[in-house]
Amino acid sequence: GGTCKSSSTVYAVAVAAFPASLHRRRRRLQVPLVALDMDGTLLDSSSRIQPDSADVIRAATALGVRVVLATGKARPAAIAACRDAGLEGDGLLVSLRTPGVFLQGLAVHGSKGQQLSDAALPSAVVGQAFRWATDAGIPCVAFLGDECATLKLTSELKELHTRYYEPLAAELASVEQLLAGPAVRKLLFMTGPELVEGLVKPHWSQALQGQGAEVMQAVPNMLEVVPAGVNKWAGLQVLLKHLNVPAQDVVAVGDGSNDLQMVTNVGTGVAMGNAVDQVKHAAAAVVASNDDGGIAEAFERFVF
């Protein structure tokens, strides 16, 4: 035990004598990359980025930390949300020329914004989903990269655009017309949380087995269908390999079950105070909620 005591005393003396060298040492151990979820994490419950969150992100990028998004949103939606907070730009959080993980890990963009991945859903699943949605009266939208399409533009799907920043869905005449266009990357059902839990999720968790697709949930009033094996962590791994950043050096912050693998597998996984329990249990730390400065707290504790 004696050695421990004397080495910690030496350390304490060194800190007192040379605070500048300690700061330099901390700088060298700088976190190279922070990955942030958007809904429920970077965005508060009004779907806005809080000013103190924007401030810490700007401060981190000024220090050379790369801050990227790992979101279910399409890239244009992420850009629109960040523009409102002054975080859109090549040297900031997101632009058409910056790296990031979008569409739940389906769309991964590299250091110059170039696309690194192109997973898509099987046509059979897309056809089934729209036929079921029409019969059940549940709004359904297809994401085709940077655009969206639907067979019926409902008030919910308009809200997906106005509140959640997603591209306004083009209304197409038929499933055939939809399938004749660009590949569908993911599908999204949007309705009341009780219908999502009681009808949409039970049906699709069962119906997709063996079809090369699976369900994913980010927020209570939506359920998404994505290609099997796709998630934000898989997408982030593609990006980290491209940027040559080891996962153990990364800080990732999230709240939803779609953030679970990412929070579990990086060096420092952080759960928001409003996170689902499994994400809180998997995280190295839990910070305040998305309405109470959790992002600023995460940066102050793990980045600066």
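Residues numbered from 1 in each chain as written. Predicted model: local features only at pLDDT ≥ 70, side-chain atom pairs only at ≥ 80, totals over all residues. Heavy atoms only, no water.

### Section: the overall build of the chain
In terms of helices and strands, the chain carries twelve helices and 13 strands. For the chain, the C-alpha radius of gyration of 21 Å lies close to 19 Å, the compact-globule estimate for 304 residues. On the principal axes, the C-alpha backbone points of the chain span a range of 75 × 40 × 35 Å. Taken over 304 residues, the chain has a buried fraction of 50%. For the chain, the distance from the average position of its 25 positive side-chain charges to the average position of its 29 negative side-chain charges is 10 Å. (Helix = DSSP H or I, 4+ residues; strand = E, 2+ residues; numbered from the N terminus. Rg over C-alpha atoms; globule rule 2.2 N^0.38 Å. Buried < 20%, exposed > 50% of the residue type's maximum accessible area, 1.4 Å probe, protein only. Lys, Arg positive; Asp, Glu negative; His and termini not counted. Charge placed at Lys NZ, Arg CZ, Asp CG, Glu CD.)

### Comments concerning the state of the cysteines
The final tally for this structure, using the stated rule, is zero disulfides. Sulfur of Cys148: no disulfide; nearest cysteine sulfur belongs to Cys140 and is 11 Å away. (Disulfide = S-S within 2.5 Å.)

### Here we look at the pairing of strand S1 (residues 33-36)
Along a regular strand, successive side chains alternate from one face of the sheet to the other. Burial of S1 is two-sided: the residues Leu33 and Ala35 facing one way and the residues Val34 and Leu36 facing the other way are all buried. Two strands pair when backbone bridges link them, and S1 and strand S2 (residues 66-69) are joined in this way by four bridges, in the parallel orientation. Bridge pairing in S2 places Leu33 opposite Arg66. Handedness of the S1-helix H3 (residues 51-62)-S2 crossover: right-handed. (Pairing = 2+ DSSP bridges. Right-handed = clockwise from strand over helix to strand, strands pointing away.)

### Things to note about the sheet that holds strand S5 (residues 140-143)
Strands belonging to one sheet form pairs held by backbone hydrogen bonds; the direction of such a pair is parallel or antiparallel. Pairing is mixed across the open sheet formed by six strands, whose spatial order is S7-S6-S5-S8-S10-S9. Of all strands in the sheet, those with a lone pairing partner are strand S7 (170-171) and strand S9 (213-216), marking the two edges. Here two bridges tie S5 to strand S6 (residues 148-150), and the two strands are oriented antiparallel to one another. By the bridge assignment for S6, Ala142 is matched with Ala149. Contacting S5, S6, strand S8 (186-190) and strand S10 (222-227), helix H6 (residues 155-162) crosses the sheet at an angle of about 115° to S8. (Contact = heavy atoms within 4.5 Å. Axes fitted to C-alpha atoms, helices over the stretch in contact; angles between N-to-C directions.)

### Looking at the sheet that holds S2
Ordered in space as S2-S1-S11-S12-S13, the five strands form an open sheet in which the pairing is parallel. One side of each edge strand has no neighbouring strand; the edge strands of this open sheet are S2 and strand S13 (285-286).

### Some details on the layout of surface pockets
Empty space within the largest pocket amounts to approximately 330 Å³. Around the largest pocket sit 20 residues that line it, and Gly40, Ala218, Val219, Pro220 and Asp255 are the ones nearest its centre. For the lining of the largest pocket, a count of residues per class yields six nonpolar, nine polar and five charged. (1 Å grid on protein atoms, 1.4 Å probe; cavity = no way out; pocket = protein on both sides within 12 Å on 5 of 7 lines; lining within 4 Å. Points joined across faces, edges and corners; volume = space filled by probe spheres on them. Nonpolar A, V, L, I, M, F, W, Y, C, P; charged D, E, K, R; others polar.)

### A few points about the packing of aromatic side chains
The geometry of an aromatic ring pair comes down to the distance between the two centres and the angle between the two planes. Inspection of the entire model under this criterion finds four aromatic pairs. Seen from their ring centres, Phe189 and Trp204 are 5.6 Å apart, and the 25° between their planes marks the pair as stacked. With Phe189 in strand S8 and Trp204 in helix H8 (residues 193-207), the pair connects residues that are 15 residues apart, well separated along the chain. Classification of Phe189 by relative accessible area gives buried; the value is 0%. Using a relative accessible area of 1% as the deciding quantity, one classes Trp204 as buried. On the basis of an interplanar angle of 40° and a centroid distance of 6.2 Å, the ring pair of Phe299 and Phe304 is categorised as tilted. What makes Phe299 buried here is its relative accessible area of 1%. Sitting over the face of the ring of Phe143, Lys186 holds its NZ or CZ atom 4.5 Å from the ring centroid. (Phe/Tyr/Trp six-rings, centres within 6.5 Å; stacked < 30°, edge-to-face > 60°. Lys NZ or Arg CZ within 6 Å of the ring centre and 35° of its normal.)

Distances and angles like these do not, on their own, reveal function.
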